[in-house]
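Letter by letter, the chains look like this.
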2 protein chains.
Amino acid sequence: MPASRASVRKIAEPTVRRLSHYLRYLEAFERAGRGTVSSGELAHSGGTTSAQVRKDLSFFGSFGKRGLGYDTHELVAKLRQILGLDRAWRLVIVGAGKIGSALARHPGFRGRGFEVVGIFDADPNRVGHVLGGVAVWDVKVLESEIRHLRADIAVLAVPPEEAQTIATRLGRAGVHAILDFSTAPLEVPAGVTVRSVDLALELEVLSHALVSR
Amino acid sequence: MPASRASVRKIAEPTVRRLSHYLRYLEAFERAGRGTVSSGELAHSGGTTSAQVRKDLSFFGSFGKRGLGYDTHELVAKLRQILGLDRAWRLVIVGAGKIGSALARHPGFRGRGFEVVGIFDADPNRVGHVLGGVAVWDVKVLESEIRHLRADIAVLAVPPEEAQTIATRLGRAGVHAILDFSTAPLEVPAGVTVRSVDLALELEVLSHALVSR
DNA sequence: TCCTGTGAAATTCTTCACAGCC
DNA sequence: GGCTGTGAAGAATTTCACAGGA
């Protein structure tokens, strides 16, 4: 049952994260000129076990060679396809504050197929400026401009009290994926995926680790 | 078997994350003047089930009141203790680039008990400046200054190729917790906890969600 | 009646272990 | 010999469901 071209089967989120990890390491192996990689090597770089790697990959069919490992190029291409990275995604950033503008200038996104095509802010002093080569628009024109820019994904970097309003507007504008840096709980319509990055929460996990050693 | 004062039992990471979430919402309830909160309400704000909330909390003893719910203040205090937030943590940021300096100026940390006490960078043009009220030190004096500042947690915001070196030096300087923004795989000595925040990876999870709908 | 605390069941995720192929 | 693919076992986590206190 090999996955047919477009639609990719539903995978558990921890698995998706591992696949993304594997891809990262595979690309490093690829740059190093390695033709094949074994599940053990992938496991070592990613902090899992070889059995886990094989299980994760076997989910999509078998493209390893016994006794050898996986063909680096082939596996990279396959993972890109599974993760939807065989196309470019168009990103907008909402909120040109500290985090938003740091992200706008972050060069790492474009390199991985995520192109920032627009930035929005409510502050008239910021509107019209250019950040990282991208124009800052007034958030008033969010919906129309997002359609115009054909954005797929939005990065939400606004104060918590505005997050819900913007998220709702993003949903209406046809954005189906949001990377949320506000710490507010968001309610979004079905069909919109939200991933939250909460730095205070990450610090709290570390805090717990420190006291529970 | 109620947890005794200082040492807190080992909990699975997903549980810790949920506890942190609960705390966030509880604080909102507290500000709204709510004396008690039910597991159902906590579950709703956090996107889980009431049974999950009760299981998570019952792990530390029973401090809910049947028919009523949990005492807001009491539960806030308890969660703070479990998460190690009943004390202040001293944070250093290594790397005063885009992400590092955005974090240094981020007001949300101090508000939640994490105080940025020092910043380090290798660029002489940045050394000696002040970011968000905190001095930028030369990374050459990392070890001695970290001991001097009595830092508990380090935020690693350096280029990937330097991440391992710095992580090793942080370990030697007595830092037991690292929040890592570089995307390199880190090897750290036992006793050092690392949490990685990888924005490209988060975007890839969203990408996968978009193609697998 | 409302809501907690918790064994038991169900489900999900991970590891084991080995047959099979290069 | 080395390494994949995978059923089966095992572990961990989540959900169910209900007894019992406010």
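This is a predicted model, so every value here is computed, not measured.

Focus: the packing of aromatic side chains
Residues and elements named next belong to chain A. Counted by the stated rule, this structure contains two aromatic pairs over all chains. Seen in terms of ring centroids, F59 and F60 are 5.5 Å apart; in terms of plane orientation they differ by 85 degrees. Their pairing is edge-to-face. A relative accessible area of 35% means that F59 is categorised as partly exposed. Residue class for F60 comes out buried when judged on its relative accessible area of 5%. Sitting above the plane of the W89 ring, R87 keeps its charged end 3.6 Å from the centroid.

Some thoughts on the protein's contact with DNA strand D
As a structural note, the neighbourhood of DNA strand D is formed by 22 residues, with A:S39, A:R54, A:S62, A:G64 and A:Y70 the closest of them. The contact in question runs from a base oxygen of DNA strand D to an N or O atom on the side chain of A:K55, over 3.0 Å. Contact between DNA strand D and B:R18: a phosphate oxygen at 3.0 Å from a side-chain N or O atom of the residue. Only α3 (50–58), β2 (64–65) and β3 (69–71) of chain A together with α3 (50–58) of chain B provide two or more residues apiece to the surface near DNA strand D. Each residue belonging to the surface near DNA strand D can be placed in one class, and the counts come to four nonpolar, ten polar and eight charged.

Considerations on the interface of chain A and chain B
In this assembly, 61 residues from chain A lie in contact with 60 residues from chain B. The contact between chain A and chain B buries some 5,300 Å² in all, and 70% of this surface belongs to carbon and sulfur atoms. Linking chain A with chain B are eight salt bridges, by the criterion used here. Along the contact surface separating chain A from chain B lie 18 residue pairs in polar contact (both at pLDDT 80 or more).

Some details on the confidence of the model for chain A
The predicted coordinates ought not to be read in detail in places where the model reports low pLDDT. Confidence in the prediction for chain A averages 92 pLDDT; 96% of positions are at 70 or higher. Confidence over residues 1–7 of chain A falls short of pLDDT 50; this stretch has six contacts with residues more than four positions distant or in other chains.

Regarding the protein's contact with DNA strand C
With respect to spatial proximity, 21 residues lie near DNA strand C, and among them B:S39, B:R54, B:G64, B:G67 and B:Y70 are the closest. In DNA strand C, the atoms that sit within 4 Å of the protein are 62% sugar and phosphate, with bases accounting for the remainder. At a separation of 3.2 Å, a phosphate oxygen of DNA strand C approaches a polar backbone atom of B:F63. Taking B:R66, its side chain carries an N or O atom lying 3.2 Å from a sugar or linking oxygen of DNA strand C. Every element with two or more residues in the surface near DNA strand C is listed here: α3 of chain A together with α3, β2 (64–65) and β3 (69–71) of chain B. Grouping the amino acids of the surface near DNA strand C by side-chain chemistry returns four nonpolar, nine polar and eight charged.

Structural notes on the pattern of salt bridges
All chains considered together, the criterion is met by 30 salt bridges over all chains. B:R195 is paired through a salt bridge with B:E13; the nearest N and O atoms lie 2.8 Å apart. Placement of the pair is B:R195 in strand β10 (residues 193–196) and B:E13 in helix α1 (residues 13–31), with a sequence separation of 182 residues. Since its relative accessible area comes to 13%, B:R195 is described here as buried. Using a relative accessible area of 36% as the deciding quantity, one classes B:E13 as partly exposed. A salt bridge links B:R87 to B:D152, with the nearest nitrogen and oxygen atoms 3.3 Å apart. Placement of the pair is B:R87 in the loop between α4 (72–82) and β4 (89–94) and B:D152 in the loop between α7 (142–149) and β8 (153–156), with a sequence separation of 65 residues. Accessibility expressed as a relative area gives 18% for B:D152, which makes it buried. Taken together, the shared-partner salt bridges in this structure form one network comprising A:E13, A:R17, A:R195 and B:E202.

Reading the values: the criteria
Residues numbered from 1 in each chain as written. Chains lettered and ligands numbered in written order. Predicted model: local features only at pLDDT ≥ 70, side-chain atom pairs only at ≥ 80, totals over all residues. Heavy atoms only, no water. Phe/Tyr/Trp six-rings, centres within 6.5 Å; stacked < 30°, edge-to-face > 60°. Buried < 20%, exposed > 50% of the residue type's maximum accessible area, 1.4 Å probe, protein only. Lys NZ or Arg CZ within 6 Å of the ring centre and 35° of its normal. Near = heavy atom within 4 Å. Polar contact = N/O pair within 3.5 Å; in protein donor to acceptor, adjacent residues only side chain to side chain. Helix = DSSP H or I, 4+ residues; strand = E, 2+ residues; numbered from the N terminus. Nonpolar A, V, L, I, M, F, W, Y, C, P; charged D, E, K, R; others polar. Contact = heavy atoms within 4.5 Å. Buried area = accessible area lost by both parts, 1.4 Å probe. Salt bridge = Lys/Arg side-chain N within 4 Å of Asp/Glu carboxyl O. pLDDT = per-residue confidence, 0-100.

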